[in-house]
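# Survey of secondary and tertiary structure
The residues making up each chain are set out below.
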Amino acid sequence: MMQEKAVICFDCGAGYTFSVEEQTDFQAKGYNNTPKRCPACRETRKTRQLSSGNFRSIQPGFRSERKLFPATCAQCNKVTQVPFEPREGRAVYCRDCYNTIKTPR
Ligand SMILES: [Zn+2]
Ligand SMILES: [Zn+2]
């Protein structure tokens, strides 16, 4: 005998009702467990997984928020951009020189 269930969404924390119709629908699809997420979040998750193929790599806005600072390479004097603010007296290297320096002997 099925009953409506109150579910707290794992993602957004909102409560929603897992209705009898929905449960029937779920069982028809072969799911026996109660969903952890509200329908909206499930939909979002599904869309994300489909578009990326890798859920973990999704960090919205991560790249665009990353600030780059102009700097001059201490090795080759090329103007480059670094993801941190260059400090006075601290050598900054362009990517090429940095890789050369950091390469293990
Ligand atoms: Zn939700
Ligand atoms: Zn350089």
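Owing to the predicted nature of the structure, the values given are computational and were not obtained by experimental measurement.

Another aspect to go through is the coordination of the zinc ion (ligand 1). Donor atoms from the polypeptide that bind the zinc ion (ligand 1) are Cys9 (SG), Cys12 (SG), Cys38 (SG) and Cys41 (SG), placed at 2.2 to 2.3 Å. Coordination geometry of the zinc ion (ligand 1): the four donor atoms subtend angles of 104 to 116° at the metal centre, consistent with an arrangement described as tetrahedral. Here the donor residues of the zinc ion (ligand 1) are spaced in sequence according to C-x2-C-x25-C-x2-C. On the criterion of sequence distance, the pair formed by Cys12 in the loop between strand S1 (5-8) and strand S2 (15-18) and Cys38 in the loop between helix H1 (20-28) and helix H2 (39-52) is long-range, its members being 26 residues apart. Here Cys12 falls in the partly exposed class, since its relative accessible area comes to 45%.

The coordination sphere of the zinc ion (ligand 2) contains the protein donors Cys73 (SG), Cys76 (SG), Cys94 (SG) and Cys97 (SG), at a distance range of 2.3 Å. Around the zinc ion (ligand 2), the four donor atoms sit at angles spanning 105 to 114°, and that spread fits a shape best called tetrahedral. Read in sequence order, the donor residues for the zinc ion (ligand 2) give the motif C-x2-C-x17-C-x2-C. By relative accessible area, which is 10% here, Cys97 ends up buried.

Attention now goes to H1. Within the span of H1, buried status applies to Glu22, Gln23 and Phe26. Mapping the buried residues of H1 onto a view down its axis gives an arc of 100°, with all of them on the same face. Exposed and facing more than 90 degrees away from the buried side of H1 are Glu21 and Ala28. Gly30 sits one or two residues past H1 and shows a positive phi near 95°.

Here is what the cut-offs are and how they apply
Each chain carries its own residue numbering, running from 1 in the written order of its sequence. Written order determines the labels here, with chains lettered from A and ligands numbered from 1. The predicted origin of the model limits local features to residues at a pLDDT of at least 70 and limits the giving and counting of side-chain atom pairs to 80 or more, whereas totals for whole chains, interfaces and linings rest on all residues. Only hydrogens and water are set aside; all other atoms, that is, all heavy atoms of the structure, feed into the side-chain values. For Na, K and Ca the donor cut-off is 3.2 Å, while for other metals it is 2.8 Å, and in both cases only N, O and S atoms qualify; water is not among them, so sites may look incomplete. Under the classification used here, a metal with four donors is tetrahedral if each angle lies between 85 and 135 degrees, square planar if opposite donors are over 155 degrees apart and the others between 65 and 115, a six-donor metal meeting that same test is octahedral, and anything else is irregular. Helix numbering and strand numbering both begin at the N terminus, where a helix is a DSSP run of H or I of at least 4 residues and a strand a DSSP run of E of at least 2. Think of it in three bands: with a 1.4 Å probe and only protein chains considered, a residue is buried below 20% of the maximum accessible area for its type, exposed above 50%, and partly exposed in between. This arc is built from the directions going out from the helix axis to the C-beta atoms.

Purely geometric numbers; function is a separate question.
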